[in-house]
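If you want the building blocks of each chain, they are given just below.
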Protein chains: 2
Amino acid sequence: MVDEVVLLDFWASMFATRVRVALAEKGVKYENREEDLWNKSSLLLQMNPVHKKIPVLIHNGKPICESLIIVQYVDEVWRDKAPLLPSDPYQRARSRFWADFIDKKLYVASRKIWGTKGEEQEAGKKEFIEALKRLEGELGDKPYFEGESFGFLDIALISFYSWFYAYETFGNFSTEAECPKLIEWAKRCMQRESVSKSLADPKKVYESVTSWVGL
Amino acid sequence: MVDEVVLLDFWASMFATRVRVALAEKGVKYENREEDLWNKSSLLLQMNPVHKKIPVLIHNGKPICESLIIVQYVDEVWRDKAPLLPSDPYQRARSRFWADFIDKKLYVASRKIWGTKGEEQEAGKKEFIEALKRLEGELGDKPYFEGESFGFLDIALISFYSWFYAYETFGNFSTEAECPKLIEWAKRCMQRESVSKSLADPKKVYESVTSWVGL
């Protein structure tokens with residue numbers, strides 16, 4: 001049986017980007033359906049009735065929701081190529097911990113940078129840089145987060161890289177000045193076709209964010 | 001080498017309870033260290049510098065944090081007994097999805113029931129019951145969430161059962177009247193020694209919550 005794989009997607013979403021990168025790493029062919037998030041399709045509402053959010057991966061008719069859960073699913077189903085999670089249980093736990101940290105701390109801080117102003121924006125900027133510095137500490141001198149090979153935590157974080165230009169422009173700071181090693185890592189990731197072809201254009205993200213906040 | 005396993009715990013925490021149940025299911029012996037959350041130990045701050053929260057499992061000196069990540073770690077390390085996550089990738093993804101739903105929706109709603117008053121409390125109660133009904137739908141007519149055997153999602157939810165008496169008393173409602181099948185499931189879980197010996201006494205939880213909110 002040929003697998004039928006459909007991704008309910010939105011081009012600028014860092015969460016959807018994670019799934020695109022994971023599928024590209026595994027060489028899985030899929031149909032991409034771009035959602036209009038201001039007018040969601042009945043398919044999206046039917047496939048993710050709980051959260052009504054993209055991304056949703058529909059594999060042979062069955063929906064899988066929540067980006068980090070989808071990436072783990074992709075890793076478990078297409079296991080013969082490009083393992084994403086480390087094999088050691090402790091390293092797996094660490095990767096899951098930092099991916100969860102990205103969603104709980106980095107994402108929340110990042111929204112404040114472009115979605116608020118004044119003191120709240122300043123607080124968001126501070127939290128964002130602090131979170132990045134923690135992640136840079138976890139990276140250390142390794143080429144990728146899990147060591148020599150690109151994996152789960154790299155995917156969880158690199159998906160935000162498309163948004164860095166928007167964060168920096170709204171927040172008036174330089175990520176490279178704050179976290180040079182992390183930017184080296186991001187550039188290393190961008191040399192992979194799975195990443196460069198999956199990430200949105202930073203300028204286009206910035207222009208869209210600008211229009212969303214009505215500037 | 002004998003494993004050295006230490007749990008940084010707090011008796012009433014549903015998150016710590018998950019780890020207690022998982023370790024009991026696996027038959028892992030461990031040292032339990034009760035934390036004073038109002039005066040956290042230097043060990044806790046050292047082992048979980050990011051979130052500074054219990055539970056932390058310290059396995060041979062290495063810390064693992066965040067309850068659902070710890071339960072998966074326990075399942076992966078002590079894999080010869082009582083498998084907790086289903087073996088099928090799709091069922092694994094579903095279990096992870098609903099466990100994440102518990103933390104994102106059920107927990108947040110539950111805090112409003114005892115932590116707020118008036119309209120916000122009413123909203124919390126409504127969200128809590130809606131979330132439980134969704135979970136009851138996912139349970140269906142199965143004995144446990146993953147089917148015939150007790151597992152990951154059962155652990156994720158049963159840890160809240162100690163708090164039901166407090167929620168019901170603060171919110172003036174009956175979970176059994178709203179979700180009778182879910183209460184049958186909870187009573188089934190309570191017949192397991194791993195659960196009954198790990199869950200806090202509901203009356204003691206209620207009394208403590210009452211003192212925390214200063215009633």
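Only a predicted model underlies this, so the values are computations on that prediction, with no experimental measurement involved. (Residues numbered from 1 in each chain as written. Chains lettered and ligands numbered in written order. Predicted model: local features only at pLDDT ≥ 70, side-chain atom pairs only at ≥ 80, totals over all residues. Heavy atoms only, no water.)

Draft legend 1. Summary view of the overall build of chain A. Helix and strand counts for chain A come out as 11 helices and 4 strands. For chain A, whose C-alpha radius of gyration is 17 Å, the value lies close to the compact-globule estimate of 17 Å for 215 residues. By its C-alpha atoms, chain A is 55 × 40 × 30 Å across when sized along the principal axes. Every one of the 215 residues in chain A was classed for burial, and the buried ones make up 54%. The contacts in chain A between residues at least 6 apart in sequence include a share of 69% that link residues at least 24 apart. Accessible area of chain A: about 9,900 Å², with a carbon and sulfur share of 49%. Put simply, chain A has 31 plus and 33 minus side-chain charges, and the middle of one group is 2 Å from the middle of the other. (Helix = DSSP H or I, 4+ residues; strand = E, 2+ residues; numbered from the N terminus. Rg over C-alpha atoms; globule rule 2.2 N^0.38 Å. Buried < 20%, exposed > 50% of the residue type's maximum accessible area, 1.4 Å probe, protein only. Contact = heavy atoms within 4.5 Å. Areas by Shrake-Rupley, 256 points an atom, 1.4 Å probe, with all protein chains shown as cover. Lys, Arg positive; Asp, Glu negative; His and termini not counted. Charge placed at Lys NZ, Arg CZ, Asp CG, Glu CD.)

Draft legend 2. Structural view of the interface of chain A and chain B. Listed per partner, the contact involves 26 residues of chain A and 26 residues of chain B. Both sides of the chain A and chain B interface together cover about 2,400 Å² of buried area, and 64% of this is carbon and sulfur. Interface area lost by chain A to chain B is led by Val50, Tyr90 and Phe97 of chain A, which between them contribute 25%. Across the chain A-chain B interface, the total number found is 6 salt bridges. Notably, a salt bridge pairs Glu76 of chain A with Arg96 of chain B, separated by 3.1 Å at the nearest N-O pair. For the pair chain A and chain B, the interface holds 8 residue pairs in polar contact (both at pLDDT 80 or more). With 11 residues, helix α4 (residues 89-115) of chain A is the largest single contributor of residues to the side of chain A that touches chain B. For the side of chain A that touches chain B, a count of residues per class yields 14 nonpolar, 3 polar and 9 charged. (Buried area = accessible area lost by both parts, 1.4 Å probe. Salt bridge = Lys/Arg side-chain N within 4 Å of Asp/Glu carboxyl O. Polar contact = N/O pair within 3.5 Å; in protein donor to acceptor, adjacent residues only side chain to side chain. Nonpolar A, V, L, I, M, F, W, Y, C, P; charged D, E, K, R; others polar.)

Draft legend 3. Here's a closer look at the UniProt feature "domain: GST N-terminal" (unreviewed entry) in chain A. Here, the residues flagged by UniProt with the feature "domain: GST N-terminal" (unreviewed entry) are residues 3-82 of chain A. Counted over residues 3-82 of chain A, helix gives 38% and strand 21%. Its end C-alpha atoms are 18 Å apart. (UniProt positions renumbered as here; feature names shortened; annotations may be inferred.)

Draft legend 4. Fine view of the layout of surface pockets. Estimates place the volume of the second largest pocket at around 800 Å³. Forming the boundary of the second largest pocket are 28 residues, of which Glu76, Arg79, Pro86, Ser87 and Arg92 of chain B lie nearest the centre. Contributions of two or more residues to the lining of the second largest pocket are made by α3 (67-77) and α4 of chain A together with α1 (14-26), α3 (67-77) and α4 (89-115) of chain B. Ranked by the residues each element gives to the lining of the second largest pocket, the list is headed by α3 of chain B, at 3 residues. (1 Å grid on protein atoms, 1.4 Å probe; cavity = no way out; pocket = protein on both sides within 12 Å on 5 of 7 lines; lining within 4 Å. Points joined across faces, edges and corners; volume = space filled by probe spheres on them.)

Draft legend 5. Main features of empty space enclosed by the protein. All names here are of chain A. Across all of its chains, the model carries 1 cavity of 30 Å³ or more by this definition. Space inside the largest cavity adds up to approximately 30 Å³. Taken together, Leu157, Ile158, Tyr161, Phe164, Leu182, Ile183, Trp185 and Ala186 make up the full set of residues lining the largest cavity. Residue assignment for the lining of the largest cavity shows that the elements contributing at least two residues are α6 (152-158) and α9 (180-190).

Draft legend 6. Spatial organisation of the pairing of strand β3 (residues 56-59) of chain B. All names here are of chain B. Here β3 shows two buried faces, one formed by Val56 and Ile58 and the other by Leu57 and His59. As paired elements, strand β1 (residues 5-9) and β3 share 4 bridges and run antiparallel to each other. Bridge pairing in β3 places Val6 opposite Ile58. Relative to strand β4 (residues 62-65), β3 runs antiparallel, the two sharing 4 bridges. Paired with Leu57 across the two strands is Ile64, which belongs to β4. Connecting β3 to the next strand, β4, in antiparallel fashion are 2 residues, including Asn60 with a positive phi near 50°. (Pairing = 2+ DSSP bridges.)

Draft legend 7. Seen up close, the UniProt feature "domain: GST C-terminal" (unreviewed entry) in chain A. The sites that UniProt annotates as "domain: GST C-terminal" (unreviewed entry) are residues 88-212 of chain A. For residues 88-212 of chain A, the end-to-end C-alpha separation is 43 Å, with 75% helix and 0% strand making up the annotated structure.

Draft legend 8. Quick peek at the relation of the copies chain A and chain B. Aligned on chain B, chain A shows an RMSD of 0.0 Å; the corresponding rotation is 180° and the shift along the axis is 0.0 Å. On the angle and the small slide along the axis, the relation comes out as a two-fold axis. Mapped onto chain B, 100% of the interface residues of chain A again fall at the interface, so both copies present the same surface. (Least-squares fit on C-alpha atoms with pLDDT ≥ 70 in both.)

Draft legend 9. Layout of unusual backbone geometry. Residue and element names in this part refer to chain A. Note that the residue after Ile54, namely Pro55, is joined by a cis bond; omega there is -5°. Mapped onto the elements, Pro55 comes out in the loop between α2 (42-47) and β3 (56-59). The residue Asn172 is not glycine, and still its phi comes out positive at about 55°. Structurally, Asn172 is set in the loop between α7 (164-171) and α8 (175-178).

Draft legend 10. Structural detail: the side chain of Ser67 of chain A. Mapped onto the elements, Ser67 of chain A comes out in helix α3. Looking at Ser67 of chain A, its side chain comes within polar contact range of the side chain of Arg18 of chain A, at 2.9 Å.

Draft legend 11. Spatial organisation of the environment of Glu168 of chain B. Residue and element names in this part refer to chain B. Along the polypeptide, Glu168 turns up in helix α7 (residues 164-171). By relative accessible area, Glu168 is classed as partly exposed at 22%. Between the C-alpha atoms of Glu168 and Gly118, which are 50 residues apart in sequence, the distance is 15 Å. Once residues within four sequence positions are removed from consideration, Glu168 is found in contact with Phe173, Ser174, Thr175 and Glu176.

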